[in-house]
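# Structure at a glance
Each chain is listed here by its residues.
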Amino acid sequence: MSTLWQDVRYGLRMLRRSPGFTLIAILALALGIGANTAIFSVVNAMLLRPLPFADPDRVVTVWETNPNLSAKYLRTHNEASPANFNDWRTQNTVFASIGAFRWNTFNLTGTDNPEQLLGNRATASLFQTLGVKPLLGRTFTDAEDADGAPRVVVLSYGLWQRRFGADPNVINKQINLDTESHTIIGVMPPEFEFPNASVELWVPLALDAQDAARRGAHYLYTRARLKPGVTLAQAQSEMSAIAARLREQYPDTNANRDIRLIPTQEDTSESVKPALLVLFGAVGFVLLIACANVANLSLARSTARQKELAIRAALGASRVRMIRQMLTESVLLSVTGGVCGILLAMWGLDLLLASVPREYALYFHGWNQINLDGWVLGFTILVSVATGLLFGIVPALQATKTDLNESLKEGGRGSATHVRRHFRNGLVVAEVALALVLLVGAGLLMKSFVRLLDVQPGFDPHNVVTMSLGLPEARYSKPEQWADFYKQLLERLRAQPGVESASVINYLPMGGSGGTTTLIFEGRPVPPKGEYPEANFRLASPDYFKTLRIPVLKGRVFNDQDTKGKPLVAIINETFARLYYPNEDPVGKRMLDPDGTNPTEIVGVVSDVKHFGLDDEPEAYVYMAHAQVPDPGMTIAVRSSVAPASMAATVRRETQSLDKDLPIFDIKTLEQRLNESSSQRRLTVFLLGIFATVALLLAAVGIYGVMAYSVSQRTHEIGIRMALGAQMGDVVRLVLRQGMVLALFGVGIGIAASLALTKLIKAMLFHVSASDPVTFALVAFTLAAVALVACYIPARRATKVDPMIALRYE
């Protein structure tokens, strides 16, 4: 230990004697380690940290699958129908328990500040399946999860803190949800964010007999806990067998449907995993480039220390002892860089978290848990020490290969050996290659993002403010009441100053998933069961297409005569018309439900709209008149010439003039929704661009350092050349040739590596090839130009060599 302490003190003295080297090395390492720390903290929270369940590796997500579903719609996964879920629960032998939930919104009323809350209706078995215990109170019982049972509610930790002031006596208090009194029976712990942090309460699912028997409606999300000793493969085999039996037993509703089990840890991170792994790989490249830079600096510095090391060897120091001393100095550098990197990571994380809207980030599992916890700090310490060893070992081995006679000569230059020079050159080539891979990846994603932004969404998002509203069924129990309320509200809004048009729709573009419907066509053969045509389904008011300025291609839009009791009408989009009416005019044609009921006349065709994102592939959509098929929960869209904030206040005022207990929520402009739909892609491009820029700068510094050192080592040679008549241009070309050969080698290797590695981000690209020649050429040219500048500065310095001074060597 005393020897180690002696090495540390000596190492600190040596680093203080070379402040320039020390500062540059610490800065390069801080950038590399800080970037790795910041991204690892995100990866740790969203991918690696175990879910806050008991034995989380035993919890699986149970999806229904249907190959006929669009790959874009729910990733070919589907929720379960209540009847199918009940069959799974009674027929399986592989689950210790199985639970389900559905999304629901609730109006918190009875206070001066009514509020819309997002929650879940869940089976009593869900909490048992997840293996979580409440912080206060208890969760549901089976008796409470029954139709007609007393109404109870479990609060999230965040809602308990925010609306109840963390009152420890909150249990058994009453709150009004959708105007109905509920008893608070529990409060969940802060780490329980299920299914994500946006959920603020849970109430029993409590399906009535009619809903529990529904097999064609799919809206239950399912989780199950494997029995001890049961493997995922065994459970999958049994559930597939159950799905096969249900297909035979219920061909009308279960044709083509199967079951897929996915570990819940994997399922929750599926959407963000590719982007996070790409970013983690990118910061790894940045750290490698930083290590190569510092290794090059260390090699140059070790050359200057040849005499010191030779004296130590002459006095009896072993090579192992000197290697240990130099590695101690390297680790001191890297640990200091790691400390600075943690500070950079803290600052970078604050920027990262602030750059994503909170209401959007809540839907990413683990986002609220991103912090520099013990695991992240442990990772940083490990990376710091490993980095010190990585960039320090080769310089230490090279520097301790001392020739005592040569090194102890008075005036000996201690010039680098061929091996050392080749190694330094190899490091530069590696830096350039790594930087090019990063730049190509960033370039492809940036070009992809630019093309995405050029996509027309099919509507005009400017000057449109949107907000959501839900009518509690306890007060508004009849469809006629739903239709009448929204009719009155829209009439009031259209009369407000500055309002051009106002409308409602159940699922706004960029604002939710929506539902689908199956149908058949009048006058055509009825397809086999399970193969009915399918389309996305929307409910809209007459002015909806005017409000969003969606072009009407044929026919008409809804009007005030399309009401309950009148013949049903529908509007289809152009993809629907192309798929199902390819060679005929669909206006005037009629569609029916699969059982031949509810004939609906197509009265218009509108342009396609990007509903899920700008990279959304065209799908078939059918719009029905809200007045004919009312729904209690709708989104309001108002196009106006006044500020969005004032219009939101107007909508709130007019809503509460009709019902003072109705809150509006999710207030955003349509432009905000459009921007948020690509925010994950935008953030990935932004971060990868930063990392690629840092890599480019580090590579340029590395080339400059090698060339500057090479010029200093070749001063004698350059002096001789100039004394023999070499011109300034000759010297510049000599230095540039040496540097550019290294850079071009690196560019060539980088291009080859990029062609292989960019296939990993192919799924993240939009209308851009993973081997896009323009991007590759532009990046290669940019990197070569930067390398040329980095070489030119030392080249110009070489021309300043005075031949008389340069020739004063031994």
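Refer to the structure printed above.
Source: prediction; values computed, not measured.

Bringing the overall build of the chain into the picture now. The secondary structure content of the chain amounts to 26 helices and 23 strands. When each of the 810 residues of the chain is scored for burial, the buried share is 52%. Summing over all exposed atoms, the chain offers an accessible surface of approximately 35900 Å²; the carbon and sulfur share of this is 59%.

Quantified by volume, the second largest pocket comes out at close to 440 Å³. Lining the second largest pocket are 21 residues, and of these Trp 347, Gly 348, Leu 687, Ile 690 and Phe 691 lie nearest its centre. For the lining of the second largest pocket, the secondary-structure elements that each account for two or more residues are helix H2 (19-48), helix H12 (319-355) and helix H22 (679-713). For the lining of the second largest pocket, the element with the highest residue contribution is H12, accounting for eight residues. Tallied by class, residues from the lining of the second largest pocket come to 18 nonpolar, three polar and no charged.

By the definition in use, this model includes four cavities of 30 Å³ or more. Roughly 210 Å³ of volume is contained in the largest cavity. In this structure, the largest cavity is lined by 17 residues; those nearest its centre are Leu 276, Trp 367, Gln 680, Leu 683 and Thr 684. Those elements that provide at least two residues to the lining of the largest cavity are H2, helix H10 (273-304) and H22. It is H22 that contributes the most residues to the lining of the largest cavity, five residues altogether.

On to the pattern of salt bridges, then. One pass over the full model with this rule turns up 29 salt bridges. The closest approach of N and O atoms between Lys 447 and Asp 772, which form a salt bridge, is 2.9 Å. Here the residue Lys 447 occupies a position in helix H16 (residues 418-453), and Asp 772 occupies one in the loop between helix H24 (728-757) and helix H25 (773-798), the gap between them amounting to 325 residues. Put simply, Arg 590 and Glu 522 hold a salt bridge, and the shortest N to O gap is 2.7 Å. Of the two residues, Arg 590 sits in strand S19 (residues 590-592) while Glu 522 sits in the loop between strand S15 (520-521) and strand S16 (534-540), which places them 68 residues apart along the sequence. For Glu 522, a relative accessible area of 40% translates into the label partly exposed. When salt bridges that share partners are traced, they join Glu 115, Arg 162, Arg 163 and Glu 200 into one network.

Moving on, we come to the side chain of Asp 373. Its location among the elements puts Asp 373 in the loop between helix H13 (358-361) and helix H14 (374-399). Look at Asp 373 and you get buried, because its relative accessible area is 18%. Polar side-chain contacts of Asp 373 include one of 3.5 Å to the side chain of Asn 44. Within the structure, Asp 373 has its side chain in polar contact with the backbone nitrogen of Trp 375 (distance 3.2 Å). With sequence-adjacent residues up to four places away left out, Asp 373 is seen in contact with Asn 44 and Arg 49.

Formed by 124 residues in total, the largest nonpolar core has its most connected members in Met 46, Tyr 544, Tyr 623, Phe 691 and Ile 703. The contact partners of Phe 691, leaving out residues within four places of it in the chain, are Ala 35, Ile 39, Leu 279, Ala 282, Val 283, Val 286 and Leu 438. If you look at the next biggest cluster of nonpolar residues, it comprises 38 residues, including Leu 471, Tyr 580, Tyr 581 and Met 647.

Let's shift gears to the packing of aromatic side chains. Centre-to-centre distance and the angle between the planes together describe a pair of aromatic rings. According to the stated counting rule, one finds 25 aromatic pairs in the structure shown. Ring plane angle 50° and centroid distance 6.3 Å describe the contact between Phe 545 and Phe 558, whose orientation is recorded as tilted. Residue Phe 545 is located in helix H18 (residues 544-547), and its partner Phe 558 is located in the loop between strand S17 (552-555) and strand S18 (568-573); the two are separated by 13 residues in the primary sequence. Assessed through its relative accessible area of 3%, Phe 558 is described here as buried. Centre to centre, the rings of Phe 576 and Tyr 580 are 4.9 Å apart; their planes meet at 70°, and the pair counts as edge-to-face. In this pair, Phe 576 and Tyr 580 both sit in helix H19 (residues 574-580), four residues apart, roughly one turn of the helix. In this structure, Phe 576 and Tyr 580 share a single accessibility class: buried. Members of the aromatic cluster, joined through ring pairs, are Phe 53, Trp 63, Phe 101, Trp 103, Phe 127, Phe 140, Phe 192, Phe 194, Trp 202 and Tyr 221. When the ring centre of Tyr 250 is taken as reference, the NZ or CZ atom of Arg 215 above it lies at 3.6 Å.

Where H24 meets H25, the axes come as close as 8 Å, and the angle between the chain directions of the two elements is 150°. Here H24 is positioned roughly antiparallel relative to H25, judged by the angle of their axes. Crossing of H24 over H25 shows right-handed handedness. Facing H24, whose interface residues are Met 728, Val 731, Val 732, Val 735, Leu 736, Gly 739, Met 740, Ala 743, Val 747, Ile 751, Ser 754 and Leu 755, H25 presents Phe 776, Ala 780, Leu 783, Ala 784, Ala 787, Leu 788, Cys 791, Tyr 792, Ala 795, Arg 796 and Ala 798. A breakdown of the residues in the contact of H24 with H25 according to their chemical character gives 20 nonpolar, two polar and one charged.

Our focus in this paragraph is the packing of helix H3 (residues 82-91) against helix H7 (residues 232-249). Running from amino to carboxyl end, H3 crosses H7 at an angle of 130°, the nearest separation of the two axes being 11 Å. For the element pair H3 / H7, the angle class is oblique. Crossing of H3 over H7 shows right-handed handedness. Counting all contacts with H3, which are made through Asn 84, Asp 87, Trp 88 and Gln 91, the residues of H7 involved are Glu 238, Met 239, Ile 242, Arg 245 and Leu 246.

Along the polypeptide, Ser 240 turns up in helix H7. Judged by relative accessible area, which is 25%, Ser 240 ranks as partly exposed. Between the C-alpha atoms of Ser 240 and Asp 258, which are 18 residues apart in sequence, the distance is 6.3 Å. Excluding its chain neighbours within four sequence positions, the residues that come into contact with Ser 240 are Asp 258 and Ile 259.

With that settled, consider the environment of Asp 57. As for its placement among the helices and strands, Asp 57 is situated in the loop between H2 and strand S1 (59-65). C-alpha of Asp 57 to C-alpha of Thr 264: the two residues are 207 residues apart in sequence and 7.9 Å apart in space.

The rules behind each value
Residues numbered from 1 in each chain as written. Predicted model: local features only at pLDDT ≥ 70, side-chain atom pairs only at ≥ 80, totals over all residues. Heavy atoms only, no water. Helix = DSSP H or I, 4+ residues; strand = E, 2+ residues; numbered from the N terminus. Buried < 20%, exposed > 50% of the residue type's maximum accessible area, 1.4 Å probe, protein only. Areas by Shrake-Rupley, 256 points an atom, 1.4 Å probe, with all protein chains shown as cover. 1 Å grid on protein atoms, 1.4 Å probe; cavity = no way out; pocket = protein on both sides within 12 Å on 5 of 7 lines; lining within 4 Å. Points joined across faces, edges and corners; volume = space filled by probe spheres on them. Nonpolar A, V, L, I, M, F, W, Y, C, P; charged D, E, K, R; others polar. Salt bridge = Lys/Arg side-chain N within 4 Å of Asp/Glu carboxyl O. Polar contact = N/O pair within 3.5 Å; in protein donor to acceptor, adjacent residues only side chain to side chain. Contact = heavy atoms within 4.5 Å. Core = buried A, V, L, I, M, F, W, Y, C linked by side-chain atoms within 4.5 Å. Phe/Tyr/Trp six-rings, centres within 6.5 Å; stacked < 30°, edge-to-face > 60°. Lys NZ or Arg CZ within 6 Å of the ring centre and 35° of its normal. Axes fitted to C-alpha atoms, helices over the stretch in contact; angles between N-to-C directions. Parallel < 35°, antiparallel > 145°, perpendicular 65-115°, else oblique. Left-handed = near helix turned anticlockwise from the far one by under 90°.

By themselves, these observations are geometric and do not establish any function.
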